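Structural features, examined
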Amino acid sequence: MTYEEAVNYLNQTAGFAKKTSLDNVRYFMKCLGDPQDNLRFIHTAGTNGKGSVCAFMEAFLIEKGWKVGVFSSPHLTVINERIRLDGQMADNEEFSWACEEVYKVVQKGKENGKEHPSFFEFLFLMALLIFQKRNLEFCIIETGMGGRYDATNLVDPELCVITTISMDHMEFLGSTIAEIASHKAGIIKEGKKVLCAGQQEEAKRVIYQEAEKKHASLEIVSEDNLNFHEKLGKYIDFLNSNAYDKKRVVGDFQMENMALAIRAVEWIAGSLSDDMIQRGLRHLVLPGRMEEIFPGVFADVAHNEQGIEAFCHTVEKYFAGKKRILFAASHKNEEEIMRKALDNLSSVERFCRLNIDGRRIDEKEFAAAFQQLIENRDDDTVCFIVGSFYLAGIAKSYNIQEEVKC
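Conventions and cut-offs
- Residues numbered from 1 in each chain as written.
- Predicted model: local features only at pLDDT ≥ 70, side-chain atom pairs only at ≥ 80, totals over all residues.
- Heavy atoms only, no water.
- Phe/Tyr/Trp six-rings, centres within 6.5 Å; stacked < 30°, edge-to-face > 60°.
- Helix = DSSP H or I, 4+ residues; strand = E, 2+ residues; numbered from the N terminus.
- Buried < 20%, exposed > 50% of the residue type's maximum accessible area, 1.4 Å probe, protein only.
- Lys NZ or Arg CZ within 6 Å of the ring centre and 35° of its normal.
- Core = buried A, V, L, I, M, F, W, Y, C linked by side-chain atoms within 4.5 Å.
- Contact = heavy atoms within 4.5 Å.
- 1 Å grid on protein atoms, 1.4 Å probe; cavity = no way out; pocket = protein on both sides within 12 Å on 5 of 7 lines; lining within 4 Å.
- Points joined across faces, edges and corners; volume = space filled by probe spheres on them.
- Pairing = 2+ DSSP bridges.
- Axes fitted to C-alpha atoms, helices over the stretch in contact; angles between N-to-C directions.

Some words on the packing of aromatic side chains
As enumerated under the stated definition, the model contains 17 aromatic pairs in all. Measuring from centroid to centroid gives 5.8 Å for Tyr3 and Phe95, while their planes differ by 65°, and the two rings are edge-to-face. Of this pair, Tyr3 sits in helix 1 (residues 3-16) while Phe95 sits in helix 4 (residues 92-111); the two residues are 92 residues apart in sequence, bridging distant segments of the chain. Here Tyr3 falls in the buried class, since its relative accessible area comes to 17%. For Phe95, a relative accessible area of 0% puts it in the buried group. Joined through ring pairs, the aromatic side chains of Phe294, Phe366, Phe370 and Tyr398 make up one cluster. Stacked on the ring of Tyr27, the Lys or Arg Lys114 has its end atom at 4.8 Å from the ring centre. Here the basic side chain of Lys133 rests over the ring of Trp97, its NZ or CZ set 4.4 Å away from the ring centre.

See below:
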């Protein structure tokens, strides 16, 4: 199976295969030789910040000298981004090898009446194979959606990490914070350690109850736990630097994500020195998190109410000039709330909106909207592309494919 064949097959899978049961995924894990049994895991769930916390943990563990794998989603431009090995995405050869191996057991399983794994489940099985082949020392696993019934919940982690919980995917996870928190807290395992970001009271109550039920050791982590403002002062320049003007702002909300990651790594691998944190941050990349993809053009994956609130806070705090916004919402049920938050930003001189059809944004419509966003702007005008992982992804792809003069 070539890389192109693997990607085409996976894209087709996204069109016909639905989420299956944990028993179905477990069957295929067994067919693959239960690769998860030979690996050590950190399992991460939450509504916002999962990807960032995983990236921070990855950077710091690598700095400690550990061999680290990461399975995360979604990808922004290339599907290989979902499987990272020591800070680099899986190469095409390894990716296609894993796809073919999973494909073979899936075809046999279908003959025995098993369901075809979903797109996400298939990639998760691929990641386990690659992690085992690489003989990694630690694997960081990010849930896809929820947690309790997510395919990734079949691993037995040494540490569970829960980021902030808010309203998201209500059509699948429930209409209240407590219901959503119940899904996220489902990753807590019997007798294992749990690190949790500060939560709303409803979520905190559910997480405490689940931890007590599972006899798990729960620790709430915040900036204050780590004297974080004092520690961060030395390192903010590394977080804020980029190739353009050395002044990119990742966002105040990343402070708590970093605190959670530092505590997780210290629990797993021992203390982190100031120099280790500094070096880890120097090489850290957070794609789609206030990422400057062109000079003066920032892409952010904020895609729900809590994410947009954090985005707006960062924009108001660090960008005083005129602003232009290109917006597309992944979830229609939150589109109005997100739009209202963006409408309250100061000094917005242009607002462009795009539609998302399923997971697709029309490339011609994006190109036209992007040109409208950047044309005839002053030197102090900053442009933001926000509202969806898919929007940030097409913006980054456009950066690669088009010769645009901003």
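A closer look at unusual backbone geometry
That bond from Ser73 to Pro74 is cis: its omega, -10°, falls within 30 degrees of zero. Mapped onto the fold, Pro74 is located in the loop between strand 2 (68-71) and strand 3 (83-85). The phi dihedral of Asp34 is positive, around 50°, even though this residue is not glycine. Its location among the elements puts Asp34 in the loop between helix 2 (22-31) and strand 1 (41-45). On the basis of relative accessible area, Asp34 is assigned to the partly exposed category, the value being 21%.

Points about the nonpolar core
Side chains that are nonpolar tend, in soluble globular proteins, to be buried together. Counting residues in each nonpolar core, the largest one holds 40 residues, and the members touching the most others are Leu10, Phe71, Ile83, Met126 and Phe131. Every element with two or more residues in this core is listed here: helix 1, helix 2, strand 3, helix 4, helix 5 (119-134) and strand 5 (138-142). The element that contributes the greatest number of residues to this core is helix 5, accounting for twelve residues. When neighbours within four sequence positions are excluded, Phe71 is seen to be in contact with Arg82, Ile83, Phe120, Leu123, Phe124, Ala127, Phe131, Ile140, Ile141, Glu142 and Thr152. Core analysis: the next-biggest nonpolar cluster, separate from the first, contains 33 residues, Val53, Phe60, Ala264 and Leu286 among them.

Observations regarding the layout of surface pockets
In this structure, the second largest pocket encloses a volume near 780 Å³. In terms of lining, the second largest pocket is formed by 32 residues, of which the most central are Glu58, Arg84, Gly87, Val285 and Pro287. Elements supplying a minimum of two residues to the lining of the second largest pocket: helix 3 (50-63), strand 4 (88-89), helix 12 (274-282) and helix 16 (389-401). No other element matches the seven residues that helix 3 contributes to the lining of the second largest pocket.

As for the sheet that holds strand 8 (residues 217-221)
Strand pairs in the sheet, formed through backbone hydrogen bonds, run parallel or antiparallel to each other. The strand order across the open sheet built from eight strands is 4-3-2-5-1-6-7-8, with neighbouring strands paired in mixed fashion. Each edge of the sheet is formed by a strand with only one pairing partner; in this case those strands are strand 4 and strand 8. Pairing geometry for strand 7 (residues 193-197) and strand 8, over five bridges, is parallel. Along strand 8, the bridge assignment pairs Lys193 with Ser217. Along the sheet, helix 3 contacts strand 1, strand 2, strand 3, strand 5 and strand 6 (159-162); its crossing angle with strand 5, the most-contacted strand, is approximately 170°. Most of the contacts of helix 5 go to strand 3, to which it runs at about 15°, and overall it touches strand 1, strand 2, strand 3 and strand 5.

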